[in-house]
Amino acid sequence: MPTLAEARRGIVRTCRRLYERGLIAGQDGNVSVRLGRDRVLVTPAGMSKADVTSRDLVEVPLHGKPRATRESGVKRAPSSELAVHLAIYRGRPDVGAVVHAHPPAATGFAVAGERLPENVLPELVYSVGPVAMVPFAAPGSQALADSFDAWLVGHDAWLMANHGAVTAGATLLVAHQRMESLEHAARIVVAARALGRVVPFRPADSQPDQ
Ligand SMILES: [Zn+2]
C-alpha cells in the first residue's frame, strides 16, 4: 500500500502520461489509488488532468458519502466518476489503483459496441486480460457504477459502451500500463483490419515479452 505522498506523486505522474499520450482530452479521465482499508485518493472533478497537482487530489472514504476537501484554500470535489472507482475497490479487494480514460481507438470499439478480439496479441492476453464491455449508462451516474458489478470478477479492463475505458491493477503502475496496452492493442487491431486480415494466434504458440 503506498503512502499518501507516494499516491499523490503517482496520480499526478499518471495524469500527465495519459494526457501526453492523447488518452484523455479536456477534462476527461480520472485516476485513483487505494490508501488504506477504507480510504481512496482520487483526482478532482472539473479540471484538465494535465493541470492537476498533488494539492488538487481529494481523499474520500471507501464507504459513505464523500465530502469536498479544502486544502491550501482550494476546494475540490472528487471526480464525477468516483462511484465507478469505489464499486471496483469494494468488489475487488486485490485492486490498489483504477484508471479511467477515453483512449481513441479502444473507445472506438466501445462506440461500435464491439469487444476487442481475443487471441490476436499476446500482450493483450497476458498483460491486460479479457476486456469486458459494460452496457451504457449516463457518465457519472450510480447506474454506471452498478453496471460494473456483473463484470468485476475476472477482469482488470473494461470498455464502457459509448464512453471510454477503465483499467485496474494491484498498483497504479500496473493499472496505467494496462490502459496504455489496451489502447495500443486496439490501434494494432484497427491497423490489421485496414490491411484486410486479423489472424488469431493459439495461446500455446507464444509467451509474452517481458
Ligand atoms: Zn469518462
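Check the entry above for the structure.
Bear in mind that the values here come from a model prediction, so they are computed numbers and not experimental data.

Parameters and conventions
Residues numbered from 1 in each chain as written. Predicted model: local features only at pLDDT ≥ 70, side-chain atom pairs only at ≥ 80, totals over all residues. Heavy atoms only, no water. Pairing = 2+ DSSP bridges. Helix = DSSP H or I, 4+ residues; strand = E, 2+ residues; numbered from the N terminus. Axes fitted to C-alpha atoms, helices over the stretch in contact; angles between N-to-C directions. Buried < 20%, exposed > 50% of the residue type's maximum accessible area, 1.4 Å probe, protein only. Contact = heavy atoms within 4.5 Å. 1 Å grid on protein atoms, 1.4 Å probe; cavity = no way out; pocket = protein on both sides within 12 Å on 5 of 7 lines; lining within 4 Å. Points joined across faces, edges and corners; volume = space filled by probe spheres on them. Nonpolar A, V, L, I, M, F, W, Y, C, P; charged D, E, K, R; others polar. Expected span 1.5 Å × (residues − 1).

Draft legend 1. Expanded view of the sheet that holds strand E6 (residues 97–101). Here we have 7 strands laid out as an open sheet, ordered E3-E2-E1-E6-E9-E8-E7, and mixed in their pairing. Each edge of the open sheet carries a strand with a single partner, namely strand E3 (58–61) and strand E7 (131–134). The sheet shows a mean angle of 20° between the axes of neighbouring strands, taken without regard to direction. Inspection of the sheet shows E7 paired to strand E8 (residues 157–160) by 4 bridges, in the parallel sense. Of the residues in E8, the one forming a bridge with Val-134 is Met-160.

Draft legend 2. Structural detail: the environment of Leu-23. Summarising the element assignment, Leu-23 is placed in the loop between helix H1 (4–20) and strand E1 (30–34). Residue classification places Leu-23 among the buried residues on the basis of a relative accessible area of 2%. Separated by 157 residues in sequence, Leu-23 and Glu-180 have C-alpha atoms that sit 8.2 Å apart. When sequence neighbours within four positions are dropped, the list of residues in contact with Leu-23 reads Leu-18, Ala-101, His-102, Pro-103, Met-179, Glu-180, Glu-183 and Arg-187.

Draft legend 3. Expanded view of the layout of surface pockets. Volume-wise, the largest pocket comes out at about 290 Å³. Along the wall of the largest pocket there are 16 residues; nearest its centre are Gly-10, Arg-13, Thr-171, Leu-172 and Leu-173. Going through the elements one at a time, H1, E1 and helix H6 (172–195) are the ones with two or more residues in the lining of the largest pocket. The element contributing the most residues to the lining of the largest pocket is H1, with 6 residues. Its residues placed into classes, the lining of the largest pocket shows 7 nonpolar, 5 polar and 4 charged.

Draft legend 4. Up close: H1. Taking 1.5 Å as the rise per residue, H1 with 17 residues should run 24 Å; its terminal C-alpha atoms sit 24 Å apart, in good agreement. Regarding H1, the residues found buried are Ala-7, Gly-10, Ile-11, Val-12, Thr-14, Cys-15 and Leu-18. On the buried face of H1, the contacting elements are E1, strand E2 (39–42), E6 and H6. Backbone geometry just downstream of H1 places Gly-22 in the positive-phi region, at approximately 70°.

Draft legend 5. Expanded view of unusual backbone geometry. Here the phi dihedral of Asn-119 falls at roughly 60°; this positive angle occurs in a residue that is not glycine. By the secondary structure assignment, Asn-119 is in the loop between helix H3 (104–112) and helix H4 (122–128). Note on Asn-119: relative accessible area 26%, which makes it partly exposed. Non-glycine residue Asn-162 carries a positive phi angle of around 55°. With respect to the element layout, Asn-162 can be found in the loop between E8 and strand E9 (164–169).

Draft legend 6. Geometry of empty space enclosed by the protein. For the structure shown, the criterion picks out 1 cavity of 30 Å³ or more. Taken as a whole, the largest cavity encloses approximately 30 Å³ of empty space. In terms of lining, the largest cavity is formed by Asn-30, Glu-81, Val-84, His-85, Val-98, His-100, Met-160 and Val-166. Taken together, the residues of the lining of the largest cavity sort by class into 4 nonpolar, 3 polar and 1 charged.

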